[in-house]
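# Geometric and topological summary
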Amino acid sequence: MKKVIALVGSALKKNTYNSVNKFLNMLESFGGVETEIVFLYDYHIEICRGCKLCLDRGEELCPLKDDRDKLIEKMDNSDGVIFASPNYSFQVSGKMKCFLDRLGFVFHRPRFFGKVYTNIVFQGIYGGNKIVKYLDFVGDGLGFNIVKGLCLTATEPISEYEQSKIDKAIEKKSFLFYKKLNQPAYPVPSLLKLMIFRMSRTGMKLLLNDTFRDYNYFKEKGWFESDYYYDTSLNFFKKMTGRLFDSMAAKSAKKKAPAPRLN
Ligand SMILES: Cc1cc2nc3c(=O)[nH]c(=O)nc-3n(C[C@H](O)[C@H](O)[C@H](O)COP(=O)(O)O)c2cc1C
């Protein structure tokens, strides 16, 4: 049985919630999937104060005491994760953004490999496609396998025509998500993903030191030497390009001063 959770960033059980609910019901109807809706508004999520302790020294030192770790644990224990938000002023809702900021350190030390992710944005009129792209990028940065997100548009009251368009889009996307849930969890990385990994790990290796959590995390995972975040079989071309990315990062690191040791 696969577990899929949806983290919903609307205070209302209306459009975003109804769409997520349909999406999850579709997944369950395909078989072998159990689902859960997690309302971010039911959780205590503080606003990040920007001290960067999580980034530099470790997330356990964060001075904020909230439900961040409960939410991360829920994602750790799932095979699939959906972020869903209404469009508020051309962005995700404030609650969703607070949550994403609380995950800031995970962009430095990605962890959700092998899990499928998508996002759903509900809006009245305009701006949601950019939010979907943003949330696609967010999911990628967290380490997930991405199914590109879905922007749903309707003004209230929702007409039958709008609703049937929405339902069709949900049906299509939920099927793609389901297919990905049942595909290899650790795919060979694209060139772009390989580049991001190789350049960031080489930069980190050369510019940081063992007083930084990022440095130690990468070292412990063996990421300073590995081909990619996880075991994968790169073809000859990608192996060579990977080395090229490492040397490009080493060249640009030479132009920067290494970070001083933290005291
Ligand atoms: C504060 C606020 C800002 C909004 N900004 C936008 C916007 O920029 N673009 C848009 O298309 N809809 C916007 N909307 C409309 C909502 O996206 C729309 O009503 C959506 O269906 C709300 O989802 P919900 O029912 O799940 O809360 C806004 C709504 C609110 C309350």
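Please read all numbers here as calculations on a predicted model, not as lab measurements. (Residues numbered from 1 in each chain as written. Predicted model: local features only at pLDDT ≥ 70, side-chain atom pairs only at ≥ 80, totals over all residues. Heavy atoms only, no water.)

## As for the site of the ligand
Neighbouring the ligand are 15 residues; Thr 16, Asn 87, Ser 89, Ile 125 and Tyr 126 lie closest to it. With respect to the ligand, the side chain of Thr 16 contributes an N or O atom lying 2.6 Å from an oxygen atom. The separation between an oxygen atom of the ligand and a polar main-chain atom of Ile 125 is 2.6 Å. Here the ligand has 640 Å² of accessible area as a free molecule, and 70% of this is covered by the chains. (Near = heavy atom within 4 Å. Polar contact = N/O pair within 3.5 Å; in protein donor to acceptor, adjacent residues only side chain to side chain. Areas by Shrake-Rupley, 256 points an atom, 1.4 Å probe, with all protein chains shown as cover.)

## With respect to the domain arrangement of the protein
Along its sequence, the protein is carved into domain 1 (2-181) and domain 2 (191-254). Taking the mean C-alpha position of each, domain 1 and domain 2 sit 28 Å from one another. Listed as interface residues are 13 residues of domain 1 and, on the opposing side, 11 residues of domain 2. Taken over both partners, the interface formed by domain 1 and domain 2 buries close to 980 Å², and the fraction arising from carbon and sulfur atoms is 51%. Of all residues in domain 1, Asp 56, Arg 109 and Phe 113 give up the largest surface area on contact with domain 2, accounting jointly for 47% of the area buried on that side. Of the charged contacts, one joins Glu 59 and Arg 213 as a salt bridge, the two residues approaching to 3.8 Å between their closest N and O atoms. The interface formed by domain 1 and domain 2 contains six residue pairs in polar contact (both at pLDDT 80 or more). Here the side of domain 1 that touches domain 2 is built from residues that sort into four nonpolar, two polar and seven charged. (Domains from an automatic or database assignment. Contact = heavy atoms within 4.5 Å. Buried area = accessible area lost by both parts, 1.4 Å probe. Salt bridge = Lys/Arg side-chain N within 4 Å of Asp/Glu carboxyl O. Nonpolar A, V, L, I, M, F, W, Y, C, P; charged D, E, K, R; others polar.)

## Examining the pairing of strand S3 (residues 80-86)
Across the seven residues of S3, seven count as buried, placing the element largely inside the fold. Where burial is concerned, the two faces of S3 agree: the one with Gly 80, Ile 82, Ala 84 and Pro 86 and the one with Val 81, Phe 83 and Ser 85 are both buried. Pairing between strand S1 (residues 2-8) and S3: five bridges, direction parallel. Residue pairing across strands places Ile 5 opposite Val 81, the latter belonging to S3. As paired strands, S3 and strand S4 (residues 116-123) are joined by seven bridges and run parallel to one another. (Buried < 20%, exposed > 50% of the residue type's maximum accessible area, 1.4 Å probe, protein only. Helix = DSSP H or I, 4+ residues; strand = E, 2+ residues; numbered from the N terminus. Pairing = 2+ DSSP bridges.)

## Notes on the state of the cysteines
Inspection of every chain in the model, using the stated rule, returns zero disulfides. Cys 62 takes part in no disulfide bond, and the closest cysteine sulfur, belonging to Cys 51, lies 6.0 Å away. In this structure Cys 62 comes out as buried when scored by relative accessible area, which is 9%. (Disulfide = S-S within 2.5 Å.)

## Notes on the nonpolar core
Formed by 32 residues in total, the largest nonpolar core has its most connected members in Leu 7, Met 75, Phe 83 and Phe 99. At the level of elements, S1, helix H2 (53-56), helix H3 (68-76), S3, helix H4 (94-102), helix H5 (104-108), S4 and helix H6 (128-142) are the ones that each hand at least two residues to this core. Not counting residues up to four positions away in its chain, the partners in contact with Phe 83 are Leu 7, Met 75, Met 96, Phe 99, Leu 100, Leu 103, Tyr 117, Thr 118, Asn 119, Ile 120, Val 138 and Leu 142. Of all hydrophobic cores here, the second largest spans 24 residues; its members include Val 20, Ile 82, Ile 120 and Phe 177. (Core = buried A, V, L, I, M, F, W, Y, C linked by side-chain atoms within 4.5 Å.)

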